[in-house]
Amino acid sequence: MSAVPNINHIKNIYFIGIGGIGMSAIARYFNAKGVLVSGYDRTETPLTKQLIEDGISIHYHEDIEQIPKNADLVVYTPAIPKDHQELLFYQNNRYPVVKRSDVLQIISNHSINICVAGTHGKTTTTTMVAHILRDSGYGCNAFLGGISANYGTNFWSSDKNVCVIEADEYDRSFLKLSPDISIITAMDPDHLDIYGTEDNFKQAFRDFAGRVKEGGLLIKKLGLDRNMKATHTLTYSLQNDSADVYANNIQLKDGGYDFEVVLPDNIIENIRLNMGGMHNVENMVAAIAATSSLDIENEKIKAAVASFKGVKRRFEYIIKNNEVVLIDDYAHHPEELRALINGVKTLFRQKRCTLVFQPHLYSRTRDFADDFASVLSEADQVILLPIYPAREIPIESVSSEMIFKKMTTDAKTVMSKKQFIDWVENNFNKNRNREFGEVLVTAGAGDIDKLVPEIKNILQK
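Here goes a summary of the coordinates provided. (Residues numbered from 1 in each chain as written. Predicted model: local features only at pLDDT ≥ 70, side-chain atom pairs only at ≥ 80, totals over all residues. Heavy atoms only, no water.)

### Some details on helix α5 (residues 122–135)
Thought 1: The terminal C-alpha atoms of α5 lie 19 Å apart, and with 14 residues this matches the ideal 20 Å at 1.5 Å per residue to within 8%.
Thought 2: Within α5, 12 of the 14 residues are buried, which leaves the element mostly enclosed by the surrounding structure.
Thought 3: Restricting attention to buried positions, one finds in α5 the residues K122, T123, T124, T125, T126, T127, M128, V129, A130, H131, I132 and L133. (Helix = DSSP H or I, 4+ residues; strand = E, 2+ residues; numbered from the N terminus. Expected span 1.5 Å × (residues − 1). Buried < 20%, exposed > 50% of the residue type's maximum accessible area, 1.4 Å probe, protein only.)

### Let's talk about the side chain of S400
Thought 1: Mapped onto the fold, S400 is located in helix α13 (residues 400–406).
Thought 2: Sequence-distant contacts of S400, defined by excluding residues within four places in its chain, comprise P359, L384, L385, P386, I387 and V414. (Contact = heavy atoms within 4.5 Å.)

### A look at helix α1 (residues 21–32)
Thought 1: In this model α1 runs 17 Å from its N-terminal to its C-terminal C-alpha over 12 residues, within 8% of the 16 Å that 1.5 Å per residue would give.
Thought 2: With nine of 12 residues buried, α1 lies mostly within the body of the structure.
Thought 3: Positive phi appears at G34, one or two residues downstream of α1, with a value of about 85°.

### Structural notes on the nonpolar core
Thought 1: Among the nonpolar cores identified, the biggest contains 71 residues, and F259, M284, L337, L355 and L376 are the most heavily contacted of them.
Thought 2: Counting residues per element, this core draws most heavily on helix α8 (residues 278–292), which supplies eight residues.
Thought 3: Look past the residues within four positions of F259 in its chain and what remains in contact with it is A247, N248, N249, I250, E269, N270, I271, L273, V281 and M284.
Thought 4: Among the nonpolar cores identified, the runner-up in size contains 44 residues, and V37, A209, L224 and M228 belong to it. (Core = buried A, V, L, I, M, F, W, Y, C linked by side-chain atoms within 4.5 Å.)

### Digging into the pattern of salt bridges
Thought 1: Tallying each qualifying case throughout the model produces 24 salt bridges.
Thought 2: Here K202 ties to E198 by a salt bridge, and the two come within 3.4 Å at their closest N and O atoms. Here K202 and its partner E198 are both found in helix α7 (residues 198–209), four residues apart, which amounts to about one turn of the helix.
Thought 3: When salt bridges that share partners are traced, they join D199, R206 and D225 into one network. (Salt bridge = Lys/Arg side-chain N within 4 Å of Asp/Glu carboxyl O.)

### Here we look at the sheet that holds strand β3 (residues 57–59)
Thought 1: Spatially, β3-β2-β1-β4-β5 is the arrangement adopted by the five strands of the open sheet, whose pairing is parallel. For this open sheet the edge positions go to β3 and β5 (97–99), each flanked by a neighbour on one side alone. Across the sheet, the axes of successive neighbouring strands diverge by a mean angle of 20°, strand direction being ignored.
Thought 2: Across three bridges, strand β2 (residues 36–40) lies against β3 in parallel orientation. Looking at β3, one finds that G39 is bridged to I58.
Thought 3: Running over the sheet, helix α3 (residues 85–92) touches β1 (12–16), β2, β3, β4 (73–76) and β5 and is turned about 135° from β1. (Pairing = 2+ DSSP bridges. Axes fitted to C-alpha atoms, helices over the stretch in contact; angles between N-to-C directions.)

### A word on the sheet that holds strand β12 (residues 232–237)
Thought 1: Read across the open sheet, the 10 strands follow the order β8-β7-β9-β6-β10-β11-β12-β13-β14-β15; overall the sheet is mixed. Sheet topology places β8 (153–156) and β15 (266–273) at the edges, where each strand pairs with a single neighbour. In this sheet, neighbouring strand axes are inclined to one another by 15° on average, regardless of whether the strands run parallel or antiparallel.
Thought 2: Pairing of strand β11 (residues 217–221) with β12 involves five bridges; the strand directions are parallel. When the bridges of β12 are listed, I219 appears paired with L234.
Thought 3: α7 contacts β6 (112–117), β10 (181–184) and β11 of the sheet and is inclined by roughly 155° relative to β10.

### Observations regarding the environment of C115
Thought 1: For C115, the location among the structural elements is in strand β6.
Thought 2: Overall, the relative accessible area of 0% leaves C115 in the buried class.
Thought 3: Counting along the chain gives 103 residues from C115 to L218, while the straight-line C-alpha distance between them is 9.8 Å.
Thought 4: When residues no more than four places from it in sequence are discounted, the contact partners of C115 are I165, A167, L177, P179, I181, S182, I183 and F208.

### Brief notes about the packing of α1 against helix α4 (residues 100–108)
Thought 1: Two elements in contact, α1 and α4, have axes whose closest approach is 10 Å; the angle formed by their N-to-C orientations is 45°. It follows from the interaxial angle that α1 and α4 lie oblique. Seen along the crossing, α1 lies across α4 with a hand that is left-handed. Residues G22, M23, I26, Y29 and F30 of α1 touch α4, and the partners they reach there are R100, V103, L104 and I107.
Thought 2: Tallied by class, the residues present in the contact of α1 with α4 amount to seven nonpolar, one polar and one charged. (Parallel < 35°, antiparallel > 145°, perpendicular 65-115°, else oblique. Left-handed = near helix turned anticlockwise from the far one by under 90°. Nonpolar A, V, L, I, M, F, W, Y, C, P; charged D, E, K, R; others polar.)

### Let's talk about the pairing of strand β9 (residues 162–166)
Thought 1: The buried count for β9 comes to five of five residues, which makes it a mostly enclosed element.
Thought 2: One ladder, built from five bridges, connects β6 with β9; its direction is parallel. Counted as the bridge partner of V116 is E166 from β9.
Thought 3: As paired strands, strand β7 (residues 141–148) and β9 are joined by three bridges and run parallel to one another. Residue pairing in the sheet places F143 in a bridge with I165 of β9.

So far we have only geometry, and geometry alone does not tell us how the molecule works.
Here it is as C-alpha cells:
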C-alpha cells in the first residue's frame, strides 16, 4: 500500500461498501468538500439512491472496468470479503487502501471530538448530541450511525471545528478516535465473533475510555466498569439520584415525556421529549450532560430537545392511531429488545404487542439464544423470521428455531417473509382488536425494514 495522502489533497475517492450507514456518512463528508466520490455496493437501497441524488456514482456488481483508476484513496468496510475483486485490484496495485475507521481517525485528528460508544443507545444519543449542537447554533460536523429524522441524513458539515462521531466497537474501530468528550452508554457483550471473550470486549471499552484527551470529559452510565477513568468523569442515569446527572419528575404524556434533568451545578426544568421509550429519556440525559458541559444555555437545550424527531428505525412510529400502532426498530441485541418491549408495553398498556423479529448474524444468534428467548417471551405474540446472515456463512444447527425452542410463551411462530406478509393481510389485519387496538413492531438490523412499506399499505387499507 502506498502512503495515505493528506486529506486536503484528495481529489478522487472510492468506497467499497458505500451503502453502509457509516461509510455513506464519510462519503457525504468528502462530497460536501467537493471531492469526486464514487463507490460500489452489493445492493441498491434507499440510502444508495440518496447518494446518487447527491451526485455520487455507484454500481452494484464487482467490476474492475467501472472503478476509478485515478483514485487518491480507497476506503473499504470490514464487512467486505477479502477476495473482493475490486479490493484486490487496488491492494495489488499499491493504491492507498484503508478502513472506514482510519478515515474517521484522519478527519478527527485536528478537531474537537464528541464520541459516543456503547452496545446500544449510541446512534440515538449521538444524533441527540449533534441535533442539540446544530439546533442551538453551536454547530458541529456529524457522523451518525442512523438517519436523523429531523434532517433526513446521517451526515452534516459545519464551519465549527467540532465533530460528533458515533464510535463503533465493531472491529475495534473506536480505538482509533481521540475524544475530548466521550459518552459510554452500555457494555453488554456483543461481536464475540471479533472479540472472542466477554472480558476482551469489556477491555476494549476500558481502552476507549482511556483515549479521552488530557483535560477531557468521560460521561458513562452509572454502574458501568469502575476501571474507566478520565481527567473528568460524570455518571448519568435515568432517575437514580446517586448519579451525577439524572432525570427527575418524569411524566408520560402523549406518547412522549416531560421531565427535568439534574446536573452537578444546574437543573434544567420543563424538558419535553417527543419520542417513546424510557431508554430514550436516559439517552437524552447523557446528551444533555455532554452539551451542557459546552456551556450551551438551558433554554436552547430545551428548545432543541422539544424539536428532536428521533432517528429512523429507532422506536420509529410508522402508523400511530387508536386502532393500530406500527413501530419499526433496529433492535438486534437482547438488551435492545428488552428496552423496546418495555417501552411499547409502558406506552400502550391496553394494546396487544406483536413483535416480529429478524435475528441478525448466525454467531450472535448462537451466542445469545437463551437471552433472546427470555426477552422475546415478554411480548404478547412473537413471529421469528429467518436469520439475516450479513457477512457470515451459515453455522450448522443455528437458525431461528434455536430461539423458538427456548421461548417460554406459546404465542410464537417462525415464518418466511412471504408467509409473514400473508399473515398481516389475512390474519392480523382482519382479526384486530378494535376496542383496545394493536401494536405491531418490526425489529432487527437486517433487511426487515424493506417489508415496512408493504405492511403499512396493508394496515391502512
